[in-house]
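Here is what each chain is made of, one letter per residue.
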Protein chains: 2
Amino acid sequence: MNKPVTIKDIARKFKCSPSTVSRALNNHPSINEDTRRNLQEYAKKVGYQRNQVSLSLLNTRTASIGVVVPTINNYYESAIIEGIESVLHPKGYTLNICVTNEQYLLEAEYIVKLLSNRVEGIFLSVSQETYDCGYYEHLENISKRNLPLIFIDRDFEGFAAGSVTVDDYHGAYSAVKHLIDSGRKRIAHLKGPNGLTVTEHRFKGYTDCLIQHGFEVDDSLVINTNFRVESAPEPTRRLLDLKPIPDAIFGVNDQVAIGAMKVIRDKGLKIPEDIAIVGFDDFPISAFISPSLTSVCRPGRQVGEAAAQMFLNLQHQNPTSAKSNHIVLPSQLIVRESSVL
Amino acid sequence: MNKPVTIKDIARKFKCSPSTVSRALNNHPSINEDTRRNLQEYAKKVGYQRNQVSLSLLNTRTASIGVVVPTINNYYESAIIEGIESVLHPKGYTLNICVTNEQYLLEAEYIVKLLSNRVEGIFLSVSQETYDCGYYEHLENISKRNLPLIFIDRDFEGFAAGSVTVDDYHGAYSAVKHLIDSGRKRIAHLKGPNGLTVTEHRFKGYTDCLIQHGFEVDDSLVINTNFRVESAPEPTRRLLDLKPIPDAIFGVNDQVAIGAMKVIRDKGLKIPEDIAIVGFDDFPISAFISPSLTSVCRPGRQVGEAAAQMFLNLQHQNPTSAKSNHIVLPSQLIVRESSVL
DNA sequence: AATGAAGATGCAAACGTTTGAAATTTTTTG
DNA sequence: CAAAAAATTTCAAACGTTTGCATCTTCATT
């Protein structure tokens, strides 16, 4: 790793002052044309790259943004990040992406690090642990600095900050309504991990819809998963051991729904004849599997874009107003073969 | 956004010098016990966060790493990033993740930015455009600085640097061999975009295996896709219009394979009876769809881990030795229902 | 009481860049 | 040719932190 060429190095070489070099490289008008050209050529030749670190120190502006998410290893989360990126990159911002792996300790550590790196804003999708335990101390340093904080995907109701989420409640509601409308009477739910907003909102959409249509909520029809496809089969088997078996399963996401479908087929049951399936997230693949999967589409990219836009708007106004800024994007049911005869 | 509290602020408040504050906060032994306690308490109270930017400038060490990838919106790429993260985070590094969207211009811009931000190393999966055009000027500034550069996933043979890739060639070869061994005679390939190593290595594995087993390579059986599930149906239809139709399709990845499966089913053909299907990447979902998809597993997380480890090793040795460092991880065929009767 | 040794704190420089103001050089003008 | 104007360059300070060295206290030892 060679030491990078600095403005001082160039100044020494040309027997002029660093100011002159700096101005020449920035096309300052008061620099002599020849000087400018010579310096620029030389700078290019030796591969001079202006040191952004020193500039950040000088301007107390880093043009970087922290993004803290539990995982990036799935379609939806990474779509959010692409959304943020697509809005903020043209404005010159760099993203510092941190993956907490659903752990509070890592989340707290990353936030300290981001503050220490003087990011100009933080997008946070809180980890499951943070949620479960209601921790928020690590966030107080953010608000102490009055730094823009925007919750993405998962709103953290214990803490005042902006948020952009998807309307999980109505998405789930419409999924279950669709099943009821198709004549299903015994609708099971493969729930996500307890405590997460995403999980609970979908669960509430599920229960509310059942109740409002005169059904009872049967606890034995609700079983937890951890969102992953591998976590679906065992709970599904338990559902199929019930008498009578459910005639529909609403999965907390497409992965879980797909995991359930396999078990159902293996048991020799037919989808949708014996059991209807609905997922959530609308993975690109879901439209192509057999039977194609009815799912609730959740616009990850738009979440990212909206959050980034919220951040930009904050730059021009009172930053505390973020706290009253809550955007909820609609989710949309897409009906496919897995739920209709 | 409040101005962050600085060491100078604290010094002013306590009528002492910044040096004392700095030493107190760093538990320097020559600081009086009371002074230390008072200063630390106050610092905590006002939420002091040491300014990492100034430290970076002072030490010319930023502890940050650039990661440049064409997209993060899929399972494999994000697995790589998680792998890198898992190794480098414990060592105190921060990741700067940049998404090029397969565009050379963005890639070049990001690299300038990363150099300017004084990252200590760059992990790069070159964009398709860079590959197609053989551009490498943007990389020369990296080597001019003698900064560790490691190609991940896609090796860029035109340029000397370390690399960690997956053995796409033998993965593809084993997939096709499996099809030949199962008695398939007319094996089509849904290829990726031309020019990418990933695409071409898999393609070569396909053709070499065919030739070595006495088959001809029939151009009409090879059609391009863009890796996405949506890009598979149209080429697949063209394959099914051939007379005779192929009796097996090797997809460049699972998404394409799944896209093909849908078209085949829609035509009333049976998988694997009429046509066998093999994919690549082994998505978690692939084991759960029906029929479950035979696929070549590619260890994304391990790629990331190996690349990160390569970077760490470079710190303790001659950095130019990276250029002779090439790790190729094995891929593994996983046989499932879509290819065996 | 003088000497010296710890113990505690301050000074100043450094990292790389920018920028207002001052200084220098060159050009123009009367 | 002198004076003013314009063009070009340099100076110095600033951003926040660390750290070797110098300085200043305090206190014990002779």
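Residues numbered from 1 in each chain as written. Chains lettered and ligands numbered in written order. Predicted model: local features only at pLDDT ≥ 70, side-chain atom pairs only at ≥ 80, totals over all residues. Heavy atoms only, no water.

1. Observations concerning the overall build of chain A
Scanning chain A from terminus to terminus reveals 13 helices and 12 strands. Computed over its C-alpha atoms, the radius of gyration of chain A comes to 26 Å, more than 25% above the 20 Å expected for a compact globule of 341 residues. Judged by the C-alpha coordinates and their principal axes, chain A covers about 90 × 40 × 30 Å. Counting the 341 residues in chain A, one finds 57% classified as buried. In chain A, once contacts between residues fewer than 6 apart in sequence are set aside, the share between residues at least 24 apart is 75%. As displayed, chain A has an accessible area near 14,100 Å², and 50% of this comes from carbon and sulfur atoms. Counting 37 positive and 38 negative side-chain charges, chain A places the centres of these two groups 11 Å from one another. (Helix = DSSP H or I, 4+ residues; strand = E, 2+ residues; numbered from the N terminus. Rg over C-alpha atoms; globule rule 2.2 N^0.38 Å. Buried < 20%, exposed > 50% of the residue type's maximum accessible area, 1.4 Å probe, protein only. Contact = heavy atoms within 4.5 Å. Areas by Shrake-Rupley, 256 points an atom, 1.4 Å probe, with all protein chains shown as cover. Lys, Arg positive; Asp, Glu negative; His and termini not counted. Charge placed at Lys NZ, Arg CZ, Asp CG, Glu CD.)

2. Details of the interface of chain B and chain A
Taken together, the contact between chain B and chain A spans 67 residues of the former and 67 residues of the latter. For the pairing of chain B and chain A, the buried interface totals around 5,900 Å² over both sides, and the portion due to carbon and sulfur atoms is 56%. Seen at the junction of chain B and chain A, the total is 0 salt bridges. Where chain B packs against chain A, one counts 30 residue pairs in polar contact (both at pLDDT 80 or more). Elements supplying a minimum of two residues to the side of chain B that touches chain A: helix H3 (33-45), helix H4 (52-59), helix H5 (75-88), strand S2 (94-99), helix H6 (104-116), helix H8 (137-144) and helix H12 (254-266) of chain B. (Buried area = accessible area lost by both parts, 1.4 Å probe. Salt bridge = Lys/Arg side-chain N within 4 Å of Asp/Glu carboxyl O. Polar contact = N/O pair within 3.5 Å; in protein donor to acceptor, adjacent residues only side chain to side chain.)

3. Observations concerning the protein's contact with DNA strand C
Around DNA strand C, a shell composed of 25 residues is seen, among which Ile7(A), Ser22(A), Tyr48(A), Thr20(B) and Arg23(B) lie nearest. A breakdown of the atoms of DNA strand C within 4 Å of the protein gives sugar and phosphate a share of 58%. Interatomic distance of 2.5 Å between a side-chain N/O atom of Ser22(A) and a phosphate oxygen of DNA strand C. For DNA strand C, a phosphate oxygen lies 3.1 Å from a polar atom in the side chain of Thr35(B). Of the residues that constitute the surface near DNA strand C, the class distribution is 7 nonpolar, 13 polar and 5 charged. (Near = heavy atom within 4 Å. Nonpolar A, V, L, I, M, F, W, Y, C, P; charged D, E, K, R; others polar.)

4. Some details on the domain arrangement of chain A
For chain A, the assigned domains read domain 1 (7-50), domain 2 (59-166 + 300-329) and domain 3 (168-299 + 333-339). One C-alpha centre belongs to domain 1 of chain A, the other to domain 3 of chain A, and the line joining them spans 65 Å. (Domains from an automatic or database assignment.)

5. Quick notes on the relation of the copies chain B and chain A
When chain B is brought onto chain A, the operation consists of a screw motion whose angular component is 180° and whose axial shift is 0.0 Å, with 0.1 Å RMSD remaining. Such a combination of rotation and displacement between the chain copies is what one expects of a two-fold axis. By C-alpha distance to the rotation axis, the residue of chain B lying nearest is Asn96(B), at 2.6 Å. (Least-squares fit on C-alpha atoms with pLDDT ≥ 70 in both.)

6. Examining the packing of helix H11 (residues 233-241) of chain B against H12(B)
All names here are of chain B. Axis separation between H11 and H12 bottoms out at 8 Å; the angle between their running directions is 50°. Looking at the two axes, H11 sits oblique to H12. In terms of crossing hand, the pair formed by H11 and H12 is right-handed. For the pair H11 and H12, the contacting residues are Pro233, Thr236, Arg237 and Leu240 in the first and Gly259, Ala260, Val263 and Ile264 in the second. Its residues assigned to classes, the contact of H11 with H12 comprises 5 nonpolar, 2 polar and 1 charged. (Axes fitted to C-alpha atoms, helices over the stretch in contact; angles between N-to-C directions. Parallel < 35°, antiparallel > 145°, perpendicular 65-115°, else oblique. Left-handed = near helix turned anticlockwise from the far one by under 90°.)

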